[in-house]
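# Residue-level structure breakdown
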Amino acid sequence: MTRFLTLVAALALAAGPALADPVTLRSNPVDDDGRVTLGDLFDGAGAASGVVVASRAGPSVVLEAGQLQAVAARSGLQWANPQGLRRVVVRNAALSPGGAVTPTPPAAAAPVRGATAEVLTWARNLATGDVVQPEDVIWSTVQSHLVPGGTPSDTDQVIGLSARRALRAGAVVGARDLVSPRVIARNDMVEVAYMTGGVTLTVTGRATRDAAAGEPVPVLNLSSGRIIDAVAAAPGRALAGPGARTSASTAQFAVR
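What you see is a predicted model; the values in this text were computed from it and never measured.

## Quick notes on the pattern of salt bridges
In total, this model carries 8 salt bridges according to the counting rule given. Residues Asp31 and Arg56 are paired through a salt bridge, measuring 2.7 Å at the closest nitrogen-oxygen approach. With a gap of 25 residues between them, Asp31 in strand S3 (residues 30-31) and Arg56 in the loop between strand S6 (52-55) and strand S7 (60-64) connect regions that are remote in the sequence. By the burial criterion, Asp31 is buried, and Arg56 matches it. A salt bridge links Asp210 to Arg182; its shortest N-O distance comes to 3.2 Å. In this pair, Asp210 is assigned in the loop between strand S17 (199-207) and strand S18 (211-212) and Arg182 in strand S15 (residues 182-184), connecting sequence segments 28 residues apart.

And the structure:
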């Protein structure tokens, strides 16, 4: 009997994903209070209808389809995205009586219509040094004159970077808001690898400044008292010597 119950439990766990409730994306998703929920987006959301997906500060908000699928799955819903949508636009119900809202088709660029543009905005407040996660940015419609030059055109350009300063929810994402995340802090103990001619020597020292991957970081050799000109590569690691800059640039991409 015990073995039978164990087998039943194992089968139930294996079938877990298949038990998710299938849902259908509404053809004209709208919200009426600035809080976009799964119930606003999907028919058949059931008990998950009240789960908040995003906040709408302007007349509309644009959601990444992949992120939307992930949120739905965590709430026990299965959206197959049969149309292969890349983004989904949700507008204020009061401004869309005719149901003019349609999901953005695959690979469509964020369009500009008249005096407005759809751009990336911050979904929440970020503190200086916070690393940007996928749920921290959303697409929103804003006035074109509020869009700064160099605004990122894709979430991949900002996810994994670090906030240069405090950032406010609803503000347009700007390239100048972000820096590569810090991997070494001042006074950290750092292992420096000196690379030359296929030979690598290592020494441990103390970092004299903060540095992101790929940035210069002078390291104090505690034994000799001399400064080593190195390049930050990863937490607790730096490179020196002729091959340092190239190797550190490769490490920077790995960190992101």
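Next, the rest of the story.
## Regarding the sheet that holds strand S21 (residues 237-240)
Taken in spatial order, the 5 strands close into a barrel running S16-S17-S19-S20-S21, and their pairing is mixed. Across the sheet, the mean angle from the axis of one strand to that of its neighbour is 50 degrees, orientation sign disregarded. Sheet topology places strand S20 (residues 227-234) next to S21; 3 bridges connect them, and they run antiparallel. Directly across from Ala232, in S21, lies its bridge partner Ala238.

## A few points about the environment of Gly44
Positionally, Gly44 belongs in the loop between strand S5 (42-43) and S6. With 18 residues separating them in the primary sequence, Gly44 and Arg26 have C-alpha atoms 9.8 Å apart. Excluding residues that lie within four positions of it along the chain, Gly44 makes contacts with Val23 and Leu77.

## Things to note about the layout of surface pockets
Here the largest pocket is characterised by a volume of approximately 300 Å³. If you trace the largest pocket, you find 17 residues lining it, with Val53, Gln67, Val71, Glu135 and Ile138 closest to the centre. Counting only elements with at least two residues in the lining of the largest pocket, the list comes to S6, S7, helix H3 (65-74) and strand S12 (137-143). The dominant element in the lining of the largest pocket, judged by the number of residues it contributes, is H3, at 5 residues. Residues belonging to the lining of the largest pocket are distributed by class as follows: 12 nonpolar, 2 polar and 3 charged.

## Regarding unusual backbone geometry
Phi angles above zero are rare outside glycine, and Asn81 is one such case at about 50 degrees. Among the secondary structure elements, Asn81 is positioned in the loop between strand S8 (77-78) and strand S9 (87-92). Although it is not a glycine, Asn187 adopts a positive phi angle of roughly 80 degrees. Looking at the secondary structure, you find Asn187 in the loop between S15 and strand S16 (189-196).

## Details of the environment of Arg56
On the basis of relative accessibility, which here comes to 11%, the residue Arg56 falls in the buried class. In this structure, the C-alpha to C-alpha distance between Arg56 and Asn92, residues 36 residues apart in sequence, is 8.1 Å. Residues within four places of Arg56 in sequence aside, it is in contact with Asp31, Asp32, Asp33, Gly34, Val36, Val61, Val90, Arg91 and Asn92. Polar contacts involving the side chain of Arg56 include one to the side chain of Asp31, which spans 2.7 Å.

## Some remarks on H3
Listed in full, the buried residues belonging to H3 are Ala65, Leu68, Val71 and Ala72. All buried residues of H3 project into a common sector of 120 degrees when viewed along the axis, lining one side. Among the exposed residues of H3, those oriented more than 90 degrees off its buried face are Ala73 and Arg74.

Thresholds, definitions, all that
Residues numbered from 1 in each chain as written. Predicted model: local features only at pLDDT ≥ 70, side-chain atom pairs only at ≥ 80, totals over all residues. Heavy atoms only, no water. Salt bridge = Lys/Arg side-chain N within 4 Å of Asp/Glu carboxyl O. Helix = DSSP H or I, 4+ residues; strand = E, 2+ residues; numbered from the N terminus. Buried < 20%, exposed > 50% of the residue type's maximum accessible area, 1.4 Å probe, protein only. Pairing = 2+ DSSP bridges. Axes fitted to C-alpha atoms, helices over the stretch in contact; angles between N-to-C directions. Contact = heavy atoms within 4.5 Å. 1 Å grid on protein atoms, 1.4 Å probe; cavity = no way out; pocket = protein on both sides within 12 Å on 5 of 7 lines; lining within 4 Å. Points joined across faces, edges and corners; volume = space filled by probe spheres on them. Nonpolar A, V, L, I, M, F, W, Y, C, P; charged D, E, K, R; others polar. Polar contact = N/O pair within 3.5 Å; in protein donor to acceptor, adjacent residues only side chain to side chain. Arc of directions from axis to C-beta.

All quantities given are derived from atomic positions and should not be read as evidence of function.
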